Amino acid sequence: MGILQLLVPKDRKFFPLFQQATENLIKASKVLNEMVTTTVPEKRKELIREIEHLEHTGDNITHMIFNELSRNFITPFDREDIHALASAIDDVLDFIHGSSKRIELYRMDTLPDAVVNLAEIILKGSIELNVAVVNLKNMKDVTAIKEACVKINSLENEADDVFNRSIAALFETEKDAIQIIKIKELLSALETATDKCEDAANTIQSILIKYA
Amino acid sequence: MGILQLLVPKDRKFFPLFQQATENLIKASKVLNEMVTTTVPEKRKELIREIEHLEHTGDNITHMIFNELSRNFITPFDREDIHALASAIDDVLDFIHGSSKRIELYRMDTLPDAVVNLAEIILKGSIELNVAVVNLKNMKDVTAIKEACVKINSLENEADDVFNRSIAALFETEKDAIQIIKIKELLSALETATDKCEDAANTIQSILIKYA
Amino acid sequence: MGILQLLVPKDRKFFPLFQQATENLIKASKVLNEMVTTTVPEKRKELIREIEHLEHTGDNITHMIFNELSRNFITPFDREDIHALASAIDDVLDFIHGSSKRIELYRMDTLPDAVVNLAEIILKGSIELNVAVVNLKNMKDVTAIKEACVKINSLENEADDVFNRSIAALFETEKDAIQIIKIKELLSALETATDKCEDAANTIQSILIKYA
């Protein structure tokens, strides 16, 4: 047993909640991918409702983490870091939800390929976030945590690239300015979800920095 | 007298300044509400000048807080938290100011209802922020602080909803893309003011987390 | 020798890297200024490649700082502050790079004056950031650090002003909505570079607050 594991107090409250939060995030990301690829309007509507539902579940998990914070004197990491990490995970889900709401509100029927690409990147990021959080538990595999964070960072770069190229393509092909505004709003919400995923990874990295 | 009150050093410098900052914010929010509801162009211009003036007052208060920070060795909370809270309150005012400047610069005459709705939400948030800051003083009513922060969080959700619905309505009714861009810019600045209010509430919550 | 200097451990690793990071940032800002003023398409393309190259150099410096963080037990400042400062400097460069990429991707030939104005402000900010970082080294001139941070703050206000006025002018003169969207995107990326410069200054100010 390494020294890091000795330093981290055994915790049975926060880690299961963080794991729930990232598992719920993976679920929502999967539904997002289904939703942006289906061509059946009724199915899409249904999947948007499901994302809404998963967003509420995420809110509840976040509140449970905050409640544990106010109830427990001893925490596995600095209280502020637990607060920041829970908030960042919640933010990713908020932007998944915001993206799906935009598709409905703006009555967008056909979605550009970049929407599907970004949804895939969000799912990959959520899976890496889950890997990082699970391994944070007893610091048993610091390398795995670091690698997951590095992957999330490069996924954010990839999302940035997809966003920039698709906006450029949009300017080339789409001549209806209002359509451009709508699509730009949607792509921007999806891209921000990957930014928030990176924020979560940065919080995890700064936890590692304190404890390593 | 509770243990929390014993732990918080008696402070006569920071809390009066924080109180001034949030009272000034309430004033600016009230002028914003007047400004977006008046139909008299001259009156609107005058109220925009008043917001500009209050923004300068806010800047001065923020600088006084920063000066006290560099002069005082003992502070009622972590220095970084005082810095973060003062900055967040200042940011809310900056976006109130930015919104009013946009109305003038973009020569917007008729404003959509959502502008009025968002201005009302900003005022409500400012009042709650003042409640939280006043009670932070001697931690005499932690429940009141928590409740104010919860309200600010749900006000931000409400603002998000107003923003999303009004942009959707805009796409339905407005066919002039340039008009859509202008209104979107204004609504987005107002909505960001409520985000900054939430940032301030989050800072207050993380202060509570450290001291509770 | 003042007490501050005694408190700051002699450091031979982080400060040279921070100095490299801000010097690289100055280089990129200079190339940005050249790039937005040249009228020769081939020259512009070449300068955009150079910014890309300097962005990679910046990434490497940032990673070296993060590596030192995980290798060194004793750091001249709080580990989180070193992490935050390195990230903020990296962010400025990211938005310089993002701006130049937009010019290429959106095939923008003639650039409005505001683009040149903002590029100049970014260069001035980078120079001040370098001054602050160099003086942070042994805290030998706290006044110089504070002054640099104050200047960066007022440069950000200036950028905000340039941005707002140019968007207003754009609405007056440009009748092509798609053109407005493109220019707004570019100006907004440039303006965000000055925001990130302010974030870096705020991090430096909060380091000062802790050690002063």
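None of the values given here were measured: they were computed from a predicted structure.

(A) Local environment of the overall build of chain A. Assigned secondary structure in chain A consists of seven helices and zero strands. Counted from the first residue to the last, chain A has its helices and strands arranged as α-α-α-α-α-α-α. Relative to its length of 212 residues, chain A is compact, with a C-alpha radius of gyration of 18 Å against a globular reference of 17 Å. In chain A, which comprises 212 residues, the share counted as buried stands at 57%. Sequence separation of at least 24 residues holds for 81% of the intrachain contacts in chain A that already meet a minimum separation of 6. Surface summary for chain A: the accessible area is close to 9,400 Å², and the carbon and sulfur share equals 51%. Charge centroids of chain A, computed over 25 positive and 35 negative side chains, lie 5 Å from each other.

(B) Looking closely at the relation of the copies chain A and chain B. At an RMSD of 0.0 Å, chain A and chain B line up after a rotation of 120° and a shift of 0.0 Å along the axis. This pairing of chains is accounted for by a three-fold axis. Looking at the rotation axis and the C-alpha trace of chain A, the residue lying nearest is Ala177(A), at 3.5 Å. Take the interface residues of chain A: only 13% of them recur as interface residues in chain B, which is what a contact between different surfaces looks like.

(C) Summary view of the interface of chain B and chain C. Counting from both sides, the interface comprises 15 residues of chain B and, opposite them, 20 residues of chain C. For the pair chain B and chain C, the summed buried area comes to about 1,600 Å², and 68% of that belongs to carbon and sulfur atoms. At the junction of chain B and chain C, the tally comes to three salt bridges. Here Lys184(C) ties to Glu185(B) by a salt bridge, and the two come within 3.0 Å at their closest N and O atoms. Inspection of the region where chain B meets chain C yields three residue pairs in polar contact (both at pLDDT 80 or more). The element best represented in the side of chain B that touches chain C is helix H4 (residues 79-105) of chain B, accounting for six residues.

(D) Quick look at the interface of chain A and chain B. Every contact between the two is made by 15 residues of chain A and, on the other side, 20 residues of chain B. At the boundary of chain A with chain B, total buried surface from both sides reaches about 1,500 Å², with 68% on carbon and sulfur atoms. At the boundary of chain A and chain B, one finds three salt bridges. If you look at where chain A meets chain B, you find three residue pairs in polar contact (both at pLDDT 80 or more). Secondary structure elements with two or more residues in the side of chain A that touches chain B: helix H3 (41-71), helix H4 (79-105) and helix H7 (177-211) of chain A. If you tally residues by element for the side of chain A that touches chain B, the top one is H4(A), at six residues. Of the residues in the side of chain A that touches chain B, the class split is six nonpolar, two polar and seven charged.

(E) Expanded view of helix H7 (residues 177-211) of chain C. Taking 1.5 Å of rise per residue, the 35 residues of H7(C) would be expected to cover 51 Å, and the 51 Å separating its terminal C-alpha atoms lies within 8% of that figure. By the criterion of burial, H7(C) is predominantly enclosed, with 27 of the 35 residues buried.

(F) Spatial organisation of the confidence of the model for chain A. Residue and element names in this part refer to chain A. Here chain A shows a mean pLDDT of 91. Residues at 70 or above account for 94%. Segment residues 1-8 is flagged for pLDDT under 50; beyond a separation of four residues in sequence, or across chains, it makes 11 contacts in the model. Two summary scores accompany this predicted model of the complex, namely pTM at 0.86 and ipTM at 0.80.

(G) Inspection of the environment of Thr39(B) at higher detail. As for its position among the elements, Thr39(B) is in the loop between helix H2 (14-37) and helix H3 (41-71). Taking C-alpha positions, Thr39(B) is 46 Å from Ser70(B), a pair spaced 31 residues apart along the chain.

(H) A look at the relation of the copies chain B and chain C. For the pair chain B and chain C, the superposition axis carries a translation of 0.0 Å, the fit reaches an RMSD of 0.0 Å, and the rotation angle comes to 120°. Little of the interface of chain B is mirrored in chain C, where only 13% of its interface residues are also at the interface.

(I) Main features of the packing of aromatic side chains. If you walk through the whole model with that rule in mind, you get six aromatic pairs over all chains. Arranged with centres 4.8 Å apart and planes meeting at 75°, the rings of Tyr106(B) and Phe171(C) form a pair that is edge-to-face. Here the residue Tyr106(B) occupies a position in the loop between H4 and helix H5 (113-136), and Phe171(C) occupies one in helix H6 (residues 142-173), the pair thus bridging two chains. Like Tyr106(B), the residue Phe171(C) is buried in the burial classification. Here Lys182(B) stacks its cationic end above the ring of Phe171(C), 5.3 Å away from the centre of that ring.

(J) Examining the pattern of salt bridges more closely. Residues and elements named next belong to chain A. Per the stated rule, a full pass over the model turns up 27 salt bridges over all chains. When the shortest N-O distance is used, the salt bridge between Arg102 and Glu185 registers 3.5 Å. Linking Arg102 in helix H4 with Glu185 in helix H7, this pair joins segments that are 83 residues apart in sequence. As a salt-bridge pair, Arg165 and Asp161 come within 3.5 Å of each other at their nearest N and O atoms. Within this pair, Arg165 and its partner Asp161 are both found in helix H6 (residues 142-173), separated by four residues, close to a single helical turn. When salt bridges with common partners are traced through the structure, they connect Arg49, Glu52 and Glu104 into a single cluster.

(K) Just the environment of Arg49(B), in detail. Among the structural elements, Arg49(B) can be located in helix H3. Separated by 52 residues in the primary sequence, Arg49(B) and Lys101(B) have C-alpha atoms spaced 9.3 Å apart.

(L) View of the packing of H2(B) against H3(B). All names here are of chain B. Relative orientation of the contacting elements H2 and H3 amounts to 165°, with a least axis distance of 9 Å. Judged on the interaxial angle alone, H3 and H2 are roughly antiparallel. As H2 runs across H3, the sense of the crossing is left-handed. Of the residues assigned to the contact of H2 with H3, the class counts are 17 nonpolar, four polar and six charged.

(M) Structural detail: the side chain of Lys101(B). Its location among the elements puts Lys101(B) in helix H4. Given a relative accessible area of 14%, Lys101(B) falls into the buried group. In this structure Lys101(B) touches Asp161(C) and Asn164(C), once residues within four positions along its chain are discounted.

(N) Local environment of unusual backbone geometry. Phi is positive for Arg107(B), which is not a glycine, with a value near 50°. Position of Arg107(B) among the secondary structure elements: in the loop between H4 and H5.

Criteria and cut-off values
The numbers attached to residues start from 1 for each chain and follow its sequence in the written order. Both sets of labels track the order of writing: A upward for chains, 1 upward for ligands. Where local features are concerned, this predicted model is filtered to residues with pLDDT of at least 70; where side-chain atom pairs are given and counted, the filter is 80 or more; whole-chain, interface and lining totals use all residues. With hydrogens and water set aside, each side-chain value is computed from the structure's full complement of heavy atoms. Each helix corresponds to a stretch of at least 4 residues labelled H or I by DSSP, and each strand to a stretch of at least 2 residues labelled E; elements are numbered beginning at the N terminus. Atoms counted for the radius of gyration: C-alpha only. Globule rule: 2.2 Å times the number of residues to the power 0.38. Burial classes: relative accessible area under 20% of the type maximum marks a residue as buried, over 50% as exposed, and values in between as partly exposed (1.4 Å probe, protein chains only). Contact criterion: two residues are considered in contact whenever any of their non-hydrogen atoms come within 4.5 Å of each other. Computed with the Shrake-Rupley method and a 1.4 Å probe, the accessible areas treat only the protein chains shown as cover for residues. In this tally, Asp and Glu contribute negative charge and Lys and Arg positive charge; neither His nor the terminal groups of the chain are included. Charged groups are reduced to one reference atom each: NZ for lysine, CZ for arginine, CG for aspartic acid, CD for glutamic acid. The superposition of copies rests on a least-squares fit of C-alpha positions from residues with pLDDT of 70 or more in both. Buried area: the accessible surface (1.4 Å probe) lost by two parts on joining, summed over both. A pairing counts as a salt bridge when a side-chain nitrogen of Lys or Arg comes within 4 Å of a carboxyl oxygen of Asp or Glu. We define a polar contact as two N or O atoms separated by no more than 3.5 Å, with the added condition that, inside protein, one atom must be a possible hydrogen donor and the other a possible acceptor, whereas residues neighbouring each other in sequence contribute only through side-chain atom pairs. All amino acids are sorted into three groups, where Ala, Val, Leu, Ile, Met, Phe, Trp, Tyr, Cys and Pro are nonpolar, Asp, Glu, Lys and Arg are charged, and the leftover types, Gly among them, are polar. Take the residue count of a helix, subtract one, and multiply by 1.5 Å to get its expected span. The predictor attaches a confidence to each residue, and that confidence, scored 0 to 100, is pLDDT. Stacked, edge-to-face and tilted labels apply to pairs of Phe, Tyr and Trp rings (six-membered ring for Trp) whose centres lie within 6.5 Å, assigned for plane angles under 30 degrees, over 60, and everything in between, in that order. Only when the NZ atom of a Lys or the CZ atom of an Arg is both within 6 Å of the ring centre and within 35 degrees of the ring normal do we say a charge sits over the ring. Here, axes are lines fitted to C-alpha atoms. For helices the fit covers the stretch in contact, and angles between N-to-C directions go from 0 to 180 degrees. An angle below 35 degrees is treated as roughly parallel, one above 145 as roughly antiparallel, one from 65 to 115 as roughly perpendicular, and anything else as oblique. Each crossing gets its hand from how the near helix is turned against the far one by less than a right angle, where anticlockwise is left-handed and clockwise is right-handed.

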